[in-house]
Structures are given as structure tokens and as C-alpha cells.
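Descriptive analysis of the structure
So the chains spell out like this:
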Amino acid sequence: MSVKLKNLIQKRFISSFNSSPVLFFSPGRINLIGEHTDYNNGFVLPAAIDKGIVLAVQKNDSLYCTVVAHDLDATYQFDLNSISPIQNGGWKNYIIGVVAEIQNYGKSLSGFNIVFGGNIPKGAGMSSSAALENSIVFGLNEIFELGLTKKEMIQISQRAEHNFAKVNCGIMDQFASMFGIKDYALLLDCKTMESKSTAIDFGNYQLLLINTNVKHSLTDSAYNDRREKCESIAKLLKKESLREVTKESLDSIKDRISGNTYQKGLYVIEENDRVLKTVKALESNNLEEVGNLLYQSHEGLQHQFNVSCEELDFLVDYTRNTNDVLGARMMGGGFGGCTINLIKTTAVVAFSEQVKNAYKKKFNLECSIYNIALSNGTHKLSIT
Ligand code: GLA
């Protein structure tokens, strides 16, 4: 967490509202492996990171709420008694969505003021939206003493995303952001909501994120479409989700579904298996195997689940030219955002330079490179 960011948000709150706030930090996330498996009740292996949202909040003794988005230098006011989704409302929908879902959950709120700001690159697939949602629900839970558990809070965040941002996301992002543990990834079983922490220590290797700096416009509708396809397979087989579907049962309906839909189902079954294999490989410190699984995951996302794009494929393929990178894949929902790479630490500087030049030459566009550290989940900050 950046102390500079915290001080900036605190100062902005004091100058905007002439009172002292309570401060919170809510992180973004990476995902080692297990993509598009969460809404199929499958396995994921995410981790919270040291980049996120700082939220400053305080009650204001009215029915009105004022929110300042520090990074955008924008202010938004709303009445707690008349909240509905805003078309193309962007960040505002995450705020009012969480507020409305808290109210729908039977908890009452009164007016409050908020300033928030962050350092998660937007559109990078590092879940700035989940970080924002969690910061709001966590902050309001604290100042209004709502008594919500962390599990209830992430469900409220997810419902805000479904009903206000209109993305039928799974639970991975909200879970990782809320429950993250410093230096650990979380193996989450999205069916039981149970998680196991997995220590992350790559020795001479490390993770590196490369941002394509593109976000292709179909993202949200394509996401919802993939989810519907997966659910249609489960429905046909009279199962609750793809988690209960084996390759054999999928094969049994092969001639009743399109080749395209078949591949989507097969991808999810295989990706769940890869998550469990990755955890085993991490436990036995077999980084070559982790790298291979990352590459296999990317191939599945590219050719079977069809959520990659030219820019992501280029960045992953580029790593195949060097032995210093053990594996790479696209991360998050797809159609842009980042790749996640497992790379030898001593090679980071030279590789970064090379990949930047190659990307620029190919797309006439800069890619951005981030080192990240794994951090704790959403929490209150001390005031200094
Ligand atoms: C987005 C969603 C998550 C998950 C990933 C893909 O980040 O918010 O729930 O489905 O895409 O793994």
C-alpha cells in the first residue's frame, strides 16, 4: 500500500469536507491460474496485490451522500432513497450498487461522504472494480456498525457488479481482494467457498505483469455470453454447474451441442484440473511444471474459450523465445489487459526492454510492465 496515496486521499477528504475520515485499503488482484472457472463453481488461484484503492469515509448526518473520485477529479451526489443503475455510469455504478445492495440486504444507512483514489491501472484486468466495491462495503460496514461478515460483504460487492455494472462475474475478484494474505495465493473452491492459502516463493524467479494497454469493447457482452454457454451445458446435463460435469458426460452430449460450445465446456473442465496441478507443482517447488501449466491455460483461453486477443497472444508468444520465462498467459476476463509471466529475476530488466520494443514495433503501442507484491486483503488503515 502506498503511504503517499493514503496521505493524498486523507488530505483531500479533510479539504473537501472539513472533517477527519476513517481510512481503508482494498487491493486489486492477480490470478495465477483458473480463468473463467469461478462462475462455473470451479477452482481459482488468485492473490491480492499491493496496488489498490484507498477510501476515506465519514458519516454526514443527512440522507445525501457525496463521493469524490480523486483520480478523475469528479464529484457525485446521490440520495439514499432513490438509487437506480446509471446507464454508462462507470465508477458511479460500483458505489451506488454497493449502497443499494446493502440496503436490499436489510441494513439501513444514513448519509456519508467519501473520497477514493487508487493505483491499479484501469482496464488491466487487476480488478479495480472489485477493490472499489469491497472498500465501500467494508468502510460502510465499519462506520455504520452493520455487523456484516466478510463473506456477506463480498456477496454484496458481487451483486453490485451484477445488478449495477451489469457484468455477471464470479466471486474470484471480490474474494481475493477481501481475503488476500501477504505472500500467499488462495486456492478457492468456488463451489464450497472454502479456500486454502498457498505460500508463494519463487526463489530466483518472480511474477511480472505486462499490460497490453488495450481493452477491446466487446468485453462485457462476451463475458456474459461465455457464462451463458457454460450454464447451457450444465443445464442440458441436468447439473448445477460445469463443476459437476466430467469429460465423459460432456462427450455424451457432443452431438447435441455445437463444436464451439463443446470446447468451452472442455476448457473449463481442463482448467479446473490445471489449477489443482499448479498447487501441487508449487508445493513441490516444480516451477517448470507451473510454467507449462500457465502456457496450457493460455492456449485454452486462446483457442477453446476464445477470450484472448492479438495483443495478448503476441506477448505470450514472445516469451517462448527465451528460457528465462518459464510460462505466461493472459490474466482476467480477457480481450485485453495483462499477461502474467513467471520469469527469472535477473532477466527482468533486459527482457522488459526487449518485449517493450517488440510490442511497440508490432502494434505501434506501448505496453506497461509491473512488478507486484502479494498483499493482505481489505483492511482499515491507521490514521497518522
Ligand atoms: C473477471 C471476473 C471474474 C472471473 C474472471 C475470469 O475478472 O470478474 O469473476 O470470471 O474475469 O477468470
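Each remark here, short or long, concerns the structure printed above.
Our subject in this report is the structure included herewith. (Residues numbered from 1 in each chain as written. Predicted model: local features only at pLDDT ≥ 70, side-chain atom pairs only at ≥ 80, totals over all residues. Heavy atoms only, no water.)

Describing the pattern of salt bridges
Counted by the stated rule, this structure contains 19 salt bridges. As a salt-bridge pair, Lys380 and Glu142 come within 3.2 Å of each other at their nearest N and O atoms. In this pair, Lys380 sits in strand E13 (residues 379-381) while Glu142 sits in helix H3 (residues 128-143), placing the two residues 238 residues apart along the sequence. The exposure class of Glu142 is partly exposed, given its relative accessible area of 33%. A salt bridge links Glu283 to Lys196, with the shortest nitrogen-to-oxygen separation between them at 3.1 Å. In this pair, Glu283 sits in helix H8 (residues 259-283) while Lys196 sits in strand E8 (residues 194-199), placing the two residues 87 residues apart along the sequence. (Salt bridge = Lys/Arg side-chain N within 4 Å of Asp/Glu carboxyl O. Helix = DSSP H or I, 4+ residues; strand = E, 2+ residues; numbered from the N terminus. Buried < 20%, exposed > 50% of the residue type's maximum accessible area, 1.4 Å probe, protein only.)

Some words on the site of the ligand
Every residue near the ligand is listed here: Arg29, Glu35, His36, Asp38, Tyr39, Cys169, Gly170, Met172, Asp173, Tyr223, Gly332 and Gly333. Between the ligand and the protein, one listed contact pairs an oxygen atom with a backbone N or O atom of Gly170 at 2.9 Å. One nitrogen or oxygen atom from the side chain of Asp173 is found 2.6 Å from an oxygen atom belonging to the ligand. In isolation the ligand exposes 310 Å². Once the protein is present, 92% of that is buried. Its residues assigned to classes, the shell around the ligand shows four nonpolar, four polar and four charged. (Near = heavy atom within 4 Å. Polar contact = N/O pair within 3.5 Å; in protein donor to acceptor, adjacent residues only side chain to side chain. Areas by Shrake-Rupley, 256 points an atom, 1.4 Å probe, with all protein chains shown as cover. Nonpolar A, V, L, I, M, F, W, Y, C, P; charged D, E, K, R; others polar.)

Some points on the packing of helix H10 (residues 310-319) against helix H11 (residues 348-363)
In contact at an axis separation of 11 Å, H10 and H11 are set at 140° when each is read in the N-to-C sense. With respect to each other, H10 and H11 are oriented oblique. As H10 runs across H11, the sense of the crossing is right-handed. Contacts between H10 and H11 involve Glu310, Glu311, Phe314, Leu315, Tyr318 and Thr319 from the first element and Phe351, Gln354, Val355, Ala358, Tyr359, Lys362 and Phe363 from the second. Looking at the contact of H10 with H11, its residues break down into eight nonpolar, two polar and three charged. (Axes fitted to C-alpha atoms, helices over the stretch in contact; angles between N-to-C directions. Parallel < 35°, antiparallel > 145°, perpendicular 65-115°, else oblique. Left-handed = near helix turned anticlockwise from the far one by under 90°. Contact = heavy atoms within 4.5 Å.)

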